[in-house]
Amino acid sequence: MPPLLDGLRILIVEDEFLIAMDVEQLCRDHGAADVAIVRGLTEIDEHDLPSHFDAAVVDLMLDGVSTLDFAARLRNTGVPFVFATGYSDSDDLRDAFPEIRLVGKPFSGDDLVAALAAACGRAAAA
């Protein structure tokens, strides 16, 4: 059986350097073909999201700035994603994205990989 993230190009939107590096390694360990990390929304060329990435892991807040608008653009362009955040009690998040899986920080690697794979249609969510 191939790894759950086999061949995927994954965008990690995370401002905490160590967390971003851990998520990158986790994705690579589970077969991701390419992983890009951005620490701020200004680093992203949103016009090319679907052509460059198959999926994304998005932190809810980047240096105090909400990523909800960016997440809406991901959804509108058809890029599957999960939220990986410490803000698990956000009503705005639940109201705006009831169908998107939230993996709370601190998270286990298995939970994050399973959620991302499920978002991509590769496995059932736990």
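For the structure, see preceding data.
Keep in mind that this is a model prediction, so the values were computed, not measured. (Residues numbered from 1 in each chain as written. Predicted model: local features only at pLDDT ≥ 70, side-chain atom pairs only at ≥ 80, totals over all residues. Heavy atoms only, no water.)

## A look at the overall build of the chain
A count of helical and extended segments in the chain gives 5 helices and 7 strands. Element order for the chain, N to C, with α for helix and β for strand: β-α-β-α-β-β-β-α-β-α-β-α. The C-alpha atoms of the chain give a radius of gyration of 13 Å, which matches the 14 Å a tight globule of 126 residues would have. Projected onto the principal axes, the alpha-carbon positions of the chain cover approximately 40 × 30 × 30 Å. Every one of the 126 residues in the chain was classed for burial, and the buried ones make up 40%. (Helix = DSSP H or I, 4+ residues; strand = E, 2+ residues; numbered from the N terminus. Rg over C-alpha atoms; globule rule 2.2 N^0.38 Å. Buried < 20%, exposed > 50% of the residue type's maximum accessible area, 1.4 Å probe, protein only.)

## Structural notes on the nonpolar core
Formed by 20 residues in total, the largest nonpolar core has its most connected members in L11, F81 and F83. Of all the secondary structure elements, the ones that give two or more residues to this core are β1 (9–13), β3 (55–58), α3 (68–77) and β6 (81–85). Broken down by element, this core gets its largest block of residues, 4 residues, from α3. When neighbours within four sequence positions are excluded, F81 is seen to be in contact with A56, V58, A71, L74, R75, F97, I100 and A119. Core analysis: the next-biggest nonpolar cluster, separate from the first, contains 19 residues, L5, L8, C27 and V35 among them. (Core = buried A, V, L, I, M, F, W, Y, C linked by side-chain atoms within 4.5 Å. Contact = heavy atoms within 4.5 Å.)

## Notes on the side chain of T85
Looking at where T85 falls in the secondary structure, it is placed in strand β6. A relative accessible area of 0% places T85 in the buried class. Each residue touching T85, except ones within four places of it in the same chain, is listed here: D59, L60, L102, V103, G104 and K105.

## A short note on unusual backbone geometry
Here the bond from K105 into P106 is cis, since omega is -5°, no more than 30 degrees from zero. With respect to the element layout, P106 can be found in the loop between β7 (102–104) and α5 (109–119).

## Considerations on the sheet that holds β3
Ordered by their spatial adjacency, 5 strands build an open sheet running β2-β1-β3-β6-β7, and the pairing between neighbours is parallel. At either end of the open sheet lies a strand with only one pairing partner, and these are β2 (34–38) and β7. Here the strands of the sheet are splayed against their neighbours by 20° on average, with no regard to which way each runs. Bridging between β1 and β3 involves 4 bridges; their strand directions are parallel. The residue of β3 that forms the bridge with V13 is V58. Where α3 meets the sheet, its contacts fall on β1, β3 and β6, and the angle it forms with β6 comes to roughly 160°. Strands β1, β3, β6 and β7 of the sheet are contacted by α5, whose axis makes an angle of about 155° with β6. (Pairing = 2+ DSSP bridges. Axes fitted to C-alpha atoms, helices over the stretch in contact; angles between N-to-C directions.)

## Details of a nonpolar patch on the surface
Taken together, F17, L18 and M21 make up a surface patch of nonpolar side chains, about 320 Å² in accessible area. When you line up the elements, F17 lands in helix α1 (residues 17–29). On the basis of relative accessible area, F17 is assigned to the partly exposed category, the value being 47%. (Patch = residues over 30% accessible without salt bridge, like charges linked within 9 Å, V, L, I, M, F, W, Y side chains within 5 Å. Areas by Shrake-Rupley, 256 points an atom, 1.4 Å probe, with all protein chains shown as cover. Salt bridge = Lys/Arg side-chain N within 4 Å of Asp/Glu carboxyl O.)

## Section: α5
It helps to recall that an α-helix has 3.6 residues per turn; residues three or four apart then point in one direction. Every buried residue of α5 is accounted for by L112, V113, A114, A115, L116 and A117. Looking at the buried side of α5, the elements it contacts are β1, α1, β3, β6 and β7. One or two positions beyond α5, positive phi appears at G121, with a value near 75°.

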